[in-house]
Amino acid sequence: MLSCRHVSVRYGDFAAVDDLSFRLEEGQWLMLAGPNGAGKSTLIEAIARGVPYTGSIEWSGQDILSLKPAQFAQRIGVLSQRNTVGYAYTVEEVVGLGRYAYKAGFLSGRDDDGKVRVERALELTGLTALRHASMLTLSGGETQRAFLAQVFAQNPQVLILDEPANHLDLKYQQHIFSLIQQWLKEPGRAVLSVVHDLSLARRYGTHAVLMHHGKSVSQGRIGDVLTRDHLRQVYEMDVYAWMREMLSQWS
């Protein structure tokens with residue numbers, strides 16, 4: 001569904017993403033993992049057409065740069081790590097912006113499926129009771145859920161998520177990740193996400209790209225990528241031993 005070939009993002013002499021290639025197939029939840037500064041979020045920005053890059057990024061064989069904004073939005077939904085609202089929009093209004101790509105024309109109010117999609121998105125993210133609340137009054141976690149609901153209302157075929165659990169407490173981490181897992185079961189869908197929590201990556205991911213200094217260290221099925229040796233190589237520590245030590249405190 002999505003193919004990146006020899007993608008690089010450079011800022012002067014610094015390569016934030018360096019000659020990286022991978023494919024995202026239908027039904028996959030591909031986790032971008034790696035330490036801070038590995039280039040994960042920059043890669044997401046490139047796919048979202050937010051930063052210039054070299055190489056090619058294709059949607060079903062078509063260069064994403066050739067897609068009109070509405071076409072892109074109907075295929076790919078992006079949830080960034082940092083979302084802010086400068087005006088007192090209601091939660092419902094922000095979620096409804098996810099339907100912009102489906103309007104019949106400029107300033108048209110027609111969107112036959114929009115109301116149902118917005119209602120469903122509010123319900124799924126637990127925001128129905130807050131639908132009339134100002135975005136300026138929400139907590140960080142509620143704001144994150146509102147923008148996730150916007151992406152769900154958008155109804156894309158691929159979700160691109162940069163730290164979807166950012167600001168969420170444990171209850172909503174479980175809720176949101178389980179929700180995305182259910183969303184993925186529909187035909188013709190795939191998910192690509194940046195997740196710093198390796199436990200979440202192992203629990204929900206089907207595949208992974210492990211990045212370090214902008215490059216792919218390993219990629220493939222999640223269990224083949226997040227191995228003890230691979231993780232030690234990029235994190236410079238025994239991640240397995242650390243995880244087991246932390247877990248032992250709950251026994």
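The structure under discussion appears in the preceding block.
Residues numbered from 1 in each chain as written. Predicted model: local features only at pLDDT ≥ 70, side-chain atom pairs only at ≥ 80, totals over all residues. Heavy atoms only, no water.

1. A few points about the packing of aromatic side chains
No. 1: Scanning the entire structure with this criterion turns up 3 aromatic pairs.
No. 2: Pairing W29 with F177 gives two aromatic rings, centres 5.7 Å apart and planes at 10°, and the pair type is stacked. Here F177 lies in helix α6 (residues 170-184) and W29 lies in strand β3 (residues 29-33), a separation of 148 residues in the sequence.
No. 3: With a relative accessible area of 0%, W29 lands in the buried category. (Phe/Tyr/Trp six-rings, centres within 6.5 Å; stacked < 30°, edge-to-face > 60°. Helix = DSSP H or I, 4+ residues; strand = E, 2+ residues; numbered from the N terminus. Buried < 20%, exposed > 50% of the residue type's maximum accessible area, 1.4 Å probe, protein only.)

2. Considering helix α5 (residues 140-154)
No. 1: Given a rise of 1.5 Å per residue, 15 residues ought to cover 21 Å, and the 21 Å separating the end C-alpha atoms of α5 matches this to within 8%.
No. 2: The element α5 is largely enclosed, with a buried count of 13 among its 15 residues.
No. 3: N155 sits one or two residues past α5 and shows a positive phi near 55°. (Expected span 1.5 Å × (residues − 1).)

3. With respect to the side chain of Q173
No. 1: When you line up the elements, Q173 lands in helix α6.
No. 2: A relative accessible area of 18% means that Q173 is categorised as buried.
No. 3: What Q173 contacts, discounting residues up to four positions off in sequence, is A165, L168 and L200. (Contact = heavy atoms within 4.5 Å.)

4. A short note on the sheet that holds strand β6 (residues 76-79)
No. 1: One open sheet accounts for 6 strands, arranged β6-β7-β8-β3-β9-β10; its pairing is mixed. For this open sheet the edge positions go to β6 and β10 (215-221), each flanked by a neighbour on one side alone. Neighbour-to-neighbour, the strand axes of this sheet turn through a mean angle of 15°, independent of strand direction.
No. 2: Across the sheet, helix α1 (residues 40-47) touches β3, β7 (158-162), β8 (190-194) and β9 (207-212), and the angle it forms with β8 is around 140°. (Pairing = 2+ DSSP bridges. Axes fitted to C-alpha atoms, helices over the stretch in contact; angles between N-to-C directions.)

5. Re the pattern of salt bridges
No. 1: Counted by the stated rule, this structure contains 9 salt bridges.
No. 2: Across the salt bridge formed by R131 and E92, the nearest N and O atoms sit 2.9 Å from each other. With a gap of 39 residues between them, R131 in the loop between α4 (114-124) and α5 and E92 in helix α3 (residues 91-96) connect regions that are remote in the sequence.
No. 3: Owing to a relative accessible area of 13%, R131 belongs among the buried residues under this scheme.
No. 4: Exposure remark for E92: the relative accessible area of 25% places this residue in the partly exposed category.
No. 5: Here R131 and E119 are joined by a salt bridge, their closest N and O atoms 2.5 Å apart. (Salt bridge = Lys/Arg side-chain N within 4 Å of Asp/Glu carboxyl O.)

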